[in-house]
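# Architecture and fold: a report
Chain by chain, the residues run as shown.
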Amino acid sequence: DAKEVASFFALFSGISQCASLLTRVFLSGRVLSAIGVHRGLLILPGAHVVCTTLLLVAGGLAWGHDAVFWLVVLNQGIYKSFKHPIDNPSLKTLYQPIPKDRRLSLTIAVEAILNPIGIALSSALMLLFTSVFHSDPVRFGWALLACFLFWLFSARAAATEYVRALVVALRGRIEDIPFAFGDESAVDSLRQTLKSGSEEDALVALQILGDHAPGALSPMLFDLVRHPSKEVRRAALERIEAHRPEGIAETLRTRLRDEPEDALRALALRALSAVAGESSKDELMRHAMSPFLLLREAALLGLIRMKAPEGLRGLHVLADSRVPAERSVAARLLRMEFNDEAIPILTRLIEDVDLAVSRLALFAAGRARSSALLPFLIARISKRGVLGAARAALALSGDMALPHIARSFDQTERSDVRRGLIAAVSRIRSDASTGFLFSKLEVEDIAVRQEVIRALAHSRFVATSREHCDYVEGLARMEAERALGTLAIVRDLQTVEGTDVLCRALQGSHRNTRERLLMLLGFTRDPKALLAVRTHIDGAQKDRRAYAQEILDVVLTREERALFMPAVEGEIQDVTPDQVIALGLEKATAADRIKALFLDTSLGFESWISAAALEAAPRMKTPGLDAAIETFLQTSVGSNFQNTGEQSVSAIRGLLRSKGVGPMLLIEKVIALKAVEMFARTPEDVLADVAALAEEVSFKAGETIFEKGDAGESLYVIVQGEVKVHDGDLDLKHLGDKTVFGEMAVLDPEPRSASITALKDSHLLRLDREAFLELMTGNMEVVRGVLAVLCDRIREKLIDAKPPNTAPAKA
């Protein structure tokens, strides 16, 4: 009766509210932390589906009214207990990836409009089933089950989409949003800028129109070739050669006759040959033997394009010239227009002693895509001064080069050659190149493996099959374990005096391992999200570091977080005791750690670690360490550090080498470079490459290092000593230990702007331009160091140029 119903309802409400409270206090946080708030969306509908299925089974098997009644009550109790503690917090998280300007309005729409409408519709349906269909709880259960299943699948879809949207949102907070080119109104604005804008604005407008709306630009080129600005005329002529608008040949002939600038006349001739073809041959023949090299180049290019024999003869003359500039023109022509008859010419130019000529020829060989030229490209893959060009040329050859690259990779053990080959493959970006890189993921040389994984990431590789995913996940776990092992070694060494360099080297190795780990995780998850993590996990901005950590927290499972998070964040104290035992991370003595670096080949660290360990070893005072070093020096890796190893053994045995006697060791060069501002932020393993290229030079006091006006091809680092920068008798500056000078020469080989003379006996390291530029190409840290030094130079100039007694500017 009514009294019993009211009494039961009161009891039910009390019990369900207590269950809800207990769930909030003891269960909610733990459950959501364990499975993630987005998966919390599945708990309530999943429980309803189970309970409703039991209800239908009870009704179908005639278990009796009591069983049906209590299952109906349990269904409502599940709702009361789980709705607010678990389902509501999970539901609220779905709003987080939505932009702030939409989040509030959407929340209001859902809470104030959609929810009441849903309740009204539910009430109407229940009345319909009760009043019209006279349904009992079992029959009504079928409708409930359909609703709960729809709820469950919707919640699963929402949870999946939430993870994707959250990662995109987090990534968007730490990445710039790309700009997209505009509409027709923007094109009209650019046309107007071309007609009446300044030179700078007109150049920008011409470039944008040429790239995005060439059809709108073509009619304007007739007038632009007569523009008052020389630079605008140059850009217009280049666009004519590229786009070849109809009816412009006579305009170009007039420009060729009237243009005062020889360089622009050459461009006009090139454009004319591209537009007019055979009908321009008379103009081309007139300029084919011009004393002005650019006009001669333009004429020969047109003749070669129309396959005239005069073009090939002129090419032979240039290639056989004793003047490097003329040989460079020959290589440049072959880069722009190549045929098989020119292969003998190109092979001679590839082997040219002049590096600039060789580089141009290598690029031409890449554009030629000839299998006959591939051995010449591979032979120069590690040659200083041209290796960047050789790698780019191999990449231009595409899949055709892959069999040659694979054969060369397997036939050599040289790390620099293998890394060069991998760098070339990374630029090909094809299924075949990706397959080759994937097959080399477990290569033993850690430096080569680093390049392989970087190349796959650069190729935007994604593991699609279950087999590949499992394989990549296994490699990621190995890298995580390796990272934790490296951190354990640092932990045991960092309290020992004299191991600073080795600890920094190991920390650099950990950074490399972490990079490999995150790239591998990017192969099976959102690669852009993992790229954001790699970029900002060590960043100076706390909010971006927090976003990076949150991305990891979202994309990793609970079990993966236990292993990967300490490895990525570098916090070995977060490793569980079970992991410490399982991964062998127990504490050890510093001496044992040093010995293991020499004797345990399974550690497989970068070669630079060995040099740093040899530098730290004499401070250990451990019996048997000298024997371990001698054993290490007999290995293929140790043979590269013979001088450093012999010095360490001598120091351990008390046979110290006198300071300053003999050439600097690699470790000494690295330490000297690390103290220079330009290289302060460069990792030690990269500095080891710089040090290997650095040549030691010494100057006596009063000796001139270089004179103002000399050709600049090198920069210098002062290891010890003092020099003065001067212009004749005018002293400009004095420089001491651990400073750099001549850095402009590696960026722009112009004549020296000042003289440098040694004030004291000075020991320097010299880095030549070609080698240093190639280091900059592959190492952003070196680029940042150069920029920092250049900024300091600019500040010094501004301070020197500031008039005395200048009053401070008002805010």
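In what follows, the structure referred to is the one given above.
Rules used in this analysis
Residue numbering note: each chain is counted from 1, following its sequence as written. This being a predicted model, a pLDDT of at least 70 is required before a residue's local features are given, and a value of 80 or more before pairs of side-chain atoms are given or counted; all residues contribute to the totals for chains, interfaces and linings. By convention in this description, side-chain values take in all heavy atoms of the structure and omit both hydrogens and water. Numbering of helices and strands runs from the N terminus; a helix is a DSSP stretch of H or I covering at least four residues, while a strand is a stretch of E covering at least two. Atoms counted for the radius of gyration: C-alpha only. Globule rule: 2.2 Å times the number of residues to the power 0.38. Per-residue accessibility, obtained with a 1.4 Å probe over protein chains only, is compared with the maximum for each type, and a residue is labelled buried under 20%, exposed over 50%, and partly exposed between these values. The contact rule is simple, with two residues in contact once any of their heavy atoms fall within 4.5 Å. Counted charges follow a simple rule, with Lys and Arg positive, Asp and Glu negative, and His plus the chain ends left uncounted. Note that the charge is assigned to NZ on lysines, CZ on arginines, CG on aspartates and CD on glutamates. Axis lines are fitted through C-alpha atoms, for helices just across the contact stretch, and the angle between N-to-C directions can take any value from 0 to 180 degrees. Roughly parallel means an angle under 35 degrees; roughly antiparallel means over 145; roughly perpendicular covers 65 to 115; every other angle is labelled oblique. Definitions for this section: a left-handed crossing has its near helix turned counterclockwise from the far helix by less than a right angle. A right-handed crossing has that turn clockwise. Residue type decides the class: Asp, Glu, Lys and Arg count as charged, Ala, Val, Leu, Ile, Met, Phe, Trp, Tyr, Cys and Pro as nonpolar, and the leftover types, Gly among them, as polar.

## Some details on the overall build of the chain
Each helix and strand in the chain was counted, giving 39 helices and eight strands. For 811 residues, the compact-globule estimate of 2.2 N^0.38 gives 28 Å, and the chain exceeds it by more than 25% at 36 Å. Along the longest, intermediate and shortest principal axes, the C-alpha atoms of the chain span 115 × 85 × 70 Å. In the chain, buried positions account for 45% of the 811 residues. Excluding contacts between residues fewer than 6 apart, the proportion of contacts in the chain whose partners are at least 24 apart in sequence is 68%. Taking the average location of the 98 positive side-chain charges in the chain and that of its 104 negative ones, the two points are 2 Å from each other.

## Things to note about the packing of helix α26 (residues 500-524) against helix α32 (residues 607-616)
Where α26 contacts α32, the axes come no closer than 8 Å and their chain directions differ by 160°. Between α26 and α32, the interaxial angle falls into the category roughly antiparallel. Note on packing geometry: the crossing formed by α26 with α32 is left-handed. Every residue of α32 that contacts α26 at V501, L502, A505, L506 and S509 is listed here: W608, I609, A612, A613, E615 and A616. For the contact of α26 with α32, the class distribution of residues is nine nonpolar, one polar and one charged.

## Description of the packing of α26 against helix α29 (residues 558-569)
Remark: α26 packs on α29, axes separated minimally by 9 Å, with the N-to-C direction vectors making an angle of 135°. Relative to α29, α26 is oriented oblique. Regarding α26 and α29, the two cross each other, and that crossing is left-handed. Where α26 abuts α29, its residues H510, R514, L517, L518 and L521 lie against F564, A567 and V568. Along the lines of polarity and charge, the residues of the contact of α26 with α29 split into six nonpolar, one polar and one charged.

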